[in-house]
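Summary of the model geometry
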Amino acid sequence: MTAMSPPARDPPPSPPFSFIIPELPKLCSSRNQMASRRVGFCLSEKKRKRMNLSAFADLCAGRGIDVVEIDLSQPVASQGPFNVIVHKLSDVIVEAKHDSQSEQLLSNFQSYISAHPQTVLLDPLPAMTQLLDRFVSYRIMSQLQTTLKGRSICCPPYLEINTRDPSVIQSAVRSRQLSYPLICKTRVAHGSRSHEMSLIFSEAGLCDVHPPCVLQSFVNHGAVLHKVFVVGDDHFTVERPSLKNFPPGPCDRSTIFFNSHDVSKPESSSHLTALDDTMPRLPPPSDDAMVALVRQLRAELGMSLFGVDVIVNLHTHTLTIIDINIFPGYEGVPQFFSSLLNYIESIMEKQGPLQPDRTPQPSQHEEQRPTGGDKS
């Protein structure tokens, strides 16, 4: 844990995915003056800076809540207790599959959560892990068409690709009746590579597919993406630029490779998002449909902090789900801090007084011994 007391003079070297945080003023009180309400944050340095966690900690302090930045390289029990832990362990979860140190960090964290059922985790690790796999998240999105039948909500036809054989891919595309152009996305929905996508315009372009990946029928949507940010019971919708319309059906156009950050960030400006001036503006998503979508997704996912990318079909005006995101950046949502704090407080109101953590703390040798814990 990075506390507000001065850091040790000779800190130990950091493992590759430890979340050691530089000291931030007013971030948490000393252990001797521990607040009765405590929230632990376990975020990468990049995510912490993007969120401006120090500003959120100041807001929490005004309501008597201590914010503690958890250092995964140290026993979590020595940094507790916690009413709530907010995390984005995507890096650790992905790296744990092939890196023993990350595997151990994740195992230690899971062991702490299992031993402290009173601590609420935002969000549960199994729920978060499934969204790192687009094969799984797309199945969830596809099922929503049934559970939300009558709400004019759908997911475009898609296909899971595990082969490089163009003839097999072509046959599968025909069998599933996917329509061109197709948008291709990586299976792993995390990291810089997950933003590398392509638009494929014909069977000939299927040779550009690099499995494992997802192929999805592209839906013309007037170059407007609606990003839905969920915080507990609240949700906020922000408009972003998106891919322009393309003529439906196969054509001899070459595959277009692009990075989704280049076309859908608030400041994005790309020829891929340019629309003809005569293009009429599509109506915004129905409030009722959006509420129903968020409510159903919260129930399906068991999560409180996530984002949904939706578009409005140019021709049918149907609300179309194209992606689900873990703990997004909430850019363009000025109410994020207040909404998150209110949600955390609502959780604390249902809990009893926070008790000191008396869990026996393993020695450093024991803490780093592989346990063979679940990698998910």
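Relevant structure appears above.
A short tour of the structure in this document, coming up. (Residues numbered from 1 in each chain as written. Predicted model: local features only at pLDDT ≥ 70, side-chain atom pairs only at ≥ 80, totals over all residues. Heavy atoms only, no water.)

1. Examining helix α9 (residues 287-301)
Here α9 spans 21 Å end to end across 15 residues, near enough to the 21 Å set by a 1.5 Å rise per residue. Considered for burial, the residues of α9 that qualify are A289, M290, A292, L293, V294, L297 and L301. Two to three positions downstream of the cap, the backbone nitrogen of D288 sits 3.3 Å from a side-chain oxygen, assigning the N-cap of α9 to S286. Directly after α9, the chain includes G302, whose backbone phi takes a positive value near 70°. (Helix = DSSP H or I, 4+ residues; strand = E, 2+ residues; numbered from the N terminus. Expected span 1.5 Å × (residues − 1). Buried < 20%, exposed > 50% of the residue type's maximum accessible area, 1.4 Å probe, protein only. Polar contact = N/O pair within 3.5 Å; in protein donor to acceptor, adjacent residues only side chain to side chain.)

2. Some remarks on the layout of surface pockets
One number sums up the size of the largest pocket: a volume of about 1,200 Å³. If you go around the largest pocket, you meet 50 residues; those closest to its centre are S194, H195, S260, H261 and N325. The element that contributes the greatest number of residues to the lining of the largest pocket is strand β14 (residues 319-326), accounting for five residues. When its residues are assigned to classes, the lining of the largest pocket shows 21 nonpolar, 16 polar and 13 charged. (1 Å grid on protein atoms, 1.4 Å probe; cavity = no way out; pocket = protein on both sides within 12 Å on 5 of 7 lines; lining within 4 Å. Points joined across faces, edges and corners; volume = space filled by probe spheres on them. Nonpolar A, V, L, I, M, F, W, Y, C, P; charged D, E, K, R; others polar.)

3. Focus on the environment of I65
With respect to the helices, strands and loops of the structure, I65 is situated in the loop between α2 (53-61) and β2 (66-69). The spatial distance from the C-alpha of I65 to the C-alpha of R38 is 5.6 Å, given a sequence separation of 27 residues. Not counting residues within four places of it along the chain, the set of residues in contact with I65 comprises R37, V39, C60, L341, E345 and M348. (Contact = heavy atoms within 4.5 Å.)

4. Focus on unusual backbone geometry
With an omega of 5°, the peptide bond running from L122 to D123 counts as cis. Along the polypeptide, D123 turns up in the loop between β4 (120-122) and α5 (125-130). Notably, A223 is not glycine yet its phi reads approximately 60°, a positive angle. You can see A223 is positioned in the loop between β9 (213-217) and β10 (224-231). A positive phi angle, near 35°, is found at F327, a position not held by glycine. Position of F327 relative to the elements: it lies in the loop between β14 and α10 (336-349).

5. Thoughts on the pattern of salt bridges
Counted by the stated rule, this structure contains 14 salt bridges. In this structure, E345 and R63 form a salt bridge, with 2.5 Å as the shortest nitrogen-oxygen distance. Separated by 282 residues along the polypeptide, E345 in helix α10 and R63 in the loop between α2 and β2 bring together distant segments of the chain. Note that D233 and R298 form a salt bridge whose closest N and O atoms lie 2.7 Å from each other. With D233 in the loop between β10 and β11 (234-241) and R298 in helix α9, this residue pair connects regions lying 65 residues apart in the sequence. Sharing partners across several salt bridges, the network here consists of R37, R63 and E345. (Salt bridge = Lys/Arg side-chain N within 4 Å of Asp/Glu carboxyl O.)

6. What about the nonpolar core?
Formed by 78 residues in total, the largest nonpolar core has its most connected members in F41, M51, F56, V86, L293, L297 and F327. In this structure, F327 is in contact with L43, K47, M51, V86, H87, K88, L305, F306 and F336, ignoring residues within four places of it in sequence. Core analysis: the second largest hydrophobic core is formed by 13 residues, V173, C184, I200 and C213 among them. (Core = buried A, V, L, I, M, F, W, Y, C linked by side-chain atoms within 4.5 Å.)

7. Let's talk about the packing of aromatic side chains
If you walk through the whole model with that rule in mind, you get 10 aromatic pairs. A centroid spacing of 5.7 Å and a plane angle of 70° characterise the contact between F41 and F56, whose relative ring orientation is edge-to-face. Note that F41 is positioned in strand β1 (residues 38-42) and F56 in helix α2, a separation of 15 residues in sequence. For the pair formed by F41 and F56, the shared burial category is buried. (Phe/Tyr/Trp six-rings, centres within 6.5 Å; stacked < 30°, edge-to-face > 60°.)

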